[in-house]
Amino acid sequence: MTSAEPFDPTDAATFATFHDAYARAFNRDFDLPYSAAELAVDMVADAYNDVIAFLGRDREGAVVGGAWAELPQKDNRDFGFGEVFVVPERRREGHGTALVDALAAACRAAGRSTLMCEGAWAVDDEVSGPKRFAEHAGFELDILDAQRELMLPAKLPDLVIDPAYELRSWRGACPDELVDGYADVRRLMVQEAPSGDSGLENEHWDAARVRTEEAKWEKSGRVPQVSVAIAGDGSVVGHTQLVFPSEGVEVYQWDTLVLPSHRGHGLGMALKVYTMHESADLLDGRRRIHTFNAASNAPMIGVNEAMGFRQTAWLAEYVLAL
């Protein structure tokens, strides 16, 4: 029998136990864990997300896994965005199912109707454990993403910038004169990029949320290199983010978006290449950059592959009706 014990992520001792199990569970080269500092900050509730968390134990009290979910407070209030894990040596014993059940019940009690979780597997894995587990637990596939990596140092395409646009980049805090336009582009990510059929709505983004994210990045030790494309009228029409954890040798390409009315000018490629130039000192000594795109997003995949990214894994977004 598995017990799913609710806990407060700000409880340092319990969180340390939780993170130890989490780090052991995410032990594949393409599916690496966040550091304790990163995860601790991510799991703290704020004005935009509440957080629920469980520590899983077997009948003898040994820790076998864990689960948590973010509950958006200003958008997507029908959803819980969850993560469930079991340490490798204790899989296929029913612990994962018990943790899913506990997480689903907590999300349901919080008024949510859909639990969304992710599962990743190597690109050549034909009998994926995460896929089998999700289907066994009753999840349905919403959208399939492709994970790619670029080994460093990389030979980049030439930087070509359409003269109708200006590119700007920063680390840490977004310049005050750009923050509202940057927030508007962040808000449109769900609407303007492939996002499945689950009914996700645009996230609530404003200047205050940008500042909240920046403060959390700083507290967790992450260094972001963010770049934007600016049209002739001064509006922000695209952006990209390279995020550098304080520990390890990995780099993560997070959101990249160019607004539809400004596509066809090479801005996606320009933003990514420009950002790598701007962060050359941060890239020095790093091993690779990870990026994720919907498998149906052919234009962005074309940009990534032209830069030298190669697929290593699939990342499936699954939904469970509660």
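Calculation notes
- Residues numbered from 1 in each chain as written.
- Predicted model: local features only at pLDDT ≥ 70, side-chain atom pairs only at ≥ 80, totals over all residues.
- Heavy atoms only, no water.
- Helix = DSSP H or I, 4+ residues; strand = E, 2+ residues; numbered from the N terminus.
- Contact = heavy atoms within 4.5 Å.
- Disulfide = S-S within 2.5 Å.
- Buried < 20%, exposed > 50% of the residue type's maximum accessible area, 1.4 Å probe, protein only.
- Phe/Tyr/Trp six-rings, centres within 6.5 Å; stacked < 30°, edge-to-face > 60°.
- Lys NZ or Arg CZ within 6 Å of the ring centre and 35° of its normal.
- Salt bridge = Lys/Arg side-chain N within 4 Å of Asp/Glu carboxyl O.
- Core = buried A, V, L, I, M, F, W, Y, C linked by side-chain atoms within 4.5 Å.

1. Section: the environment of T97
Next, step 1: Among the secondary structure elements, T97 is positioned in helix α3 (residues 95–109).
Next, step 2: Here the alpha-carbon distance between T97 and A109, two residues 12 residues apart in the chain, equals 18 Å.
Next, step 3: Residue contacts for T97: discarding those within four places in its chain leaves F133 and H136.

2. Concerning the state of the cysteines
Next, step 1: A full pass over the atoms with the stated rule returns zero disulfides.
Next, step 2: Summary of cysteine pairing: C117 is not part of a disulfide, and the nearest cysteine sulfur, belonging to C107, is at 8.0 Å.
Next, step 3: For C117, a relative accessible area of 9% corresponds to the buried category.

3. Some words on the packing of aromatic side chains
Next, step 1: A full pass over the atoms with the stated rule returns 11 aromatic pairs.
Next, step 2: Residues W217 and W254 carry aromatic rings whose centres are separated by 6.3 Å and whose planes lie at 50° to one another, so their mutual orientation is tilted. Of this pair, W217 sits in helix α7 (residues 207–220) while W254 sits in strand β10 (residues 250–258), placing them 37 residues apart in sequence.
Next, step 3: Judged by its relative accessible area of 5%, W217 is buried.
Next, step 4: Judged by its relative accessible area of 27%, W254 is partly exposed.
Next, step 5: Residue placement shows R186 over the ring face of W205; its charged tip is 4.0 Å from the ring centre.
Next, step 6: Cation over ring: K272 sits above F309, and NZ or CZ is 5.9 Å from the ring centre.

4. Things to note about the pattern of salt bridges
Next, step 1: Scanning the entire structure with this criterion turns up 23 salt bridges.
Next, step 2: In this structure, D46 and K216 form a salt bridge, with 3.1 Å as the shortest nitrogen-oxygen distance. With D46 in the loop between α2 (36–42) and β2 (49–57) and K216 in helix α7, this residue pair connects regions lying 170 residues apart in the sequence.
Next, step 3: By relative accessible area, D46 is classed as partly exposed at 25%.
Next, step 4: Across the pair K131 and E135 runs a salt bridge whose closest N-O atoms are separated by 2.9 Å.

5. So, the environment of A69
Next, step 1: Turning to its location among the elements, A69 is positioned in strand β3 (residues 63–72).
Next, step 2: Distance from A69 to M116, taken between C-alpha atoms, is 9.0 Å for residues 47 residues apart in sequence.
Next, step 3: Once you skip the residues sitting within four places of it in the chain, A69 turns out to touch D50, V51, I52, F81, G82, L103 and C107.

6. Some remarks on the nonpolar core
Next, step 1: In terms of nonpolar packing, the biggest core is built from 28 residues, with W170, C174, L178, Y182, V210, V228 and V237 touching the most fellow members.
Next, step 2: Elements with a minimum of two residues in this core: β7 (166–171), α5 (179–187), α7, β8 (223–230), β9 (236–244), β10 and α8 (267–278).
Next, step 3: In this structure V237 touches Y165, V185, A229, A231, L257, V258, L259, H262 and L267, once residues within four positions along its chain are discounted.

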